[in-house]
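# Architecture and fold: a report
These are the residues of each chain, in order.
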Amino acid sequence: MTITPNVNIHAEGSCQIDVGRTRILCTASVSDRLPLFRRRTGLGWVTAEYAMLPRATQDRNRRDGRGGTLSGRTAEIQRLVGRALRTCVDFATLGEYQITVDCDVLQADGGTRCAAICGGWVALAMAARHMNGIGLVRRNPIIDQVAAVSCGIAGNDTLLDMDYEEDSNTDVDANFVMTAAGQIIEIQCSAEGVAFAKDQFDGMFSLARKGIEQLLESQQAALAMPSEHPAE
């Protein structure tokens, strides 16, 4: 996996995350326009949008939302990304600002939702650091680190970070979203072919923990690179 920060000169936070042949552009944008339910509460908000660009896959797909509605898959993934990222923010410290994290899949080869969460967190953390650097917030509102990885079971093998071909042929498919402290944010797990036992699930969970530890290190390494914003 490679995370390249500062790929967008306009966004308060940005990165490109490459996981195998999956490539996603993640940008975080700061605004003082809050959703209605957050206005005049003193609390900020974090939301996310996810999109698969037209030629991200083997065949060109139509731009999602052009007909006025998002596909069920797109809506489900961007809700997941938003939920994951909101767990790591102190909204009172963020104040009445909204950070929107856009995750645009440039090329897909499996694991896009997990990669979007990993890259989205880096972009979010960069934006929050920028806000603190220019005085929009009194301290950095990021209170935790979040990463996600896929696991699967194919026959007797437990797989980590599956590509599209592996994912399409597994008996069990799972996504694990966790914090740096090892706390669980969300687990999506289902039997695709045959039912599975608890010890098999435990094996996936253990493997996912190890993978997430490596992802967390890569996120921190990306944040340690020089920023494009002079105020930081």
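Preceding this section is the structure that the text describes.
Everything quoted here is computed from the prediction, not taken from an experiment.

Cut-off values and rules
Residues numbered from 1 in each chain as written. Predicted model: local features only at pLDDT ≥ 70, side-chain atom pairs only at ≥ 80, totals over all residues. Heavy atoms only, no water. Helix = DSSP H or I, 4+ residues; strand = E, 2+ residues; numbered from the N terminus. Expected span 1.5 Å × (residues − 1). Buried < 20%, exposed > 50% of the residue type's maximum accessible area, 1.4 Å probe, protein only. Contact = heavy atoms within 4.5 Å. Pairing = 2+ DSSP bridges. Axes fitted to C-alpha atoms, helices over the stretch in contact; angles between N-to-C directions. Disulfide = S-S within 2.5 Å.

## Points about helix α3 (residues 112-133)
For an α-helix, the turn length of 3.6 residues means that residues three or four places apart are oriented alike. Over its 22 residues, α3 runs 31 Å from end to end, which matches the ideal 32 Å to within 8%, given 1.5 Å per residue. Burial of α3 is extensive: 19 of the 22 residues sit out of reach of the surface. Backbone geometry just downstream of α3 places Gly135 in the positive-phi region, at approximately 85 degrees.

## Examining the environment of Thr47
Looking at where Thr47 falls in the secondary structure, it is placed in strand β4 (residues 45-52). Through-space distance from the C-alpha of Thr47 to that of Arg79 is 8.2 Å; in sequence the pair is 32 residues apart. Each residue touching Thr47, except ones within four places of it in the same chain, is listed here: Arg86, Gln98, Ile99, Thr100 and Val101.

## Some words on the environment of Val137
If you trace the backbone, Val137 turns up in the loop between α3 and β6 (146-154). Given a relative accessible area of 5%, Val137 falls into the buried group. For the pair Val137 and Thr93, spaced 44 residues apart in sequence, the C-alpha to C-alpha distance is 6.7 Å. Among residues more than four places away in sequence, those in contact with Val137 are Thr93, Leu94, Ala128, Met131 and Asn132.

## A look at helix α5 (residues 198-223)
For α5, with 26 residues, the first-to-last C-alpha span of 37 Å sits near the 38 Å given by 1.5 Å per residue. Turning to α5, the residues buried within the fold contact β1 (2-5), α3, β6, β7 (157-160), β8 (172-179) and β9 (184-191).

## Let's talk about unusual backbone geometry
Notably, Asn6 is not glycine yet its phi reads approximately 60 degrees, a positive angle. Inspection of the secondary structure assignment puts Asn6 in the loop between β1 and β2 (13-19). Even without being a glycine, Arg40 presents a positive backbone phi close to 60 degrees. For Arg40, the location among the structural elements is in the loop between β3 (22-31) and β4. Residue classification places Arg40 among the exposed positions, given a relative accessible area of 77%.

## Details of the sheet that holds strand β5 (residues 98-107)
The mixed open sheet is built from five strands, whose spatial order is β1-β2-β3-β5-β4. Because the sheet does not close on itself, it has two edges, and the strands there are β1 and β4. On average, each strand axis in the sheet is inclined to that of its neighbour by 20 degrees, with strand direction left out of account. Note that β2 and β3 share seven bridges and pair antiparallel. Counterpart to Ser14 in the pairing with β3 is Thr27. Set on the sheet, helix α1 (residues 72-86) makes contact with β4 and β5; between it and β4 the angle comes to about 145 degrees.

## A look at the state of the cysteines
A complete count under the given rule lists zero disulfides for this structure. Its sulfur unpaired, Cys15 is 4.6 Å from the next cysteine sulfur, which belongs to Cys26. Cys151 forms no disulfide, and the closest cysteine sulfur to it belongs to Cys114, at a distance of 8.7 Å.

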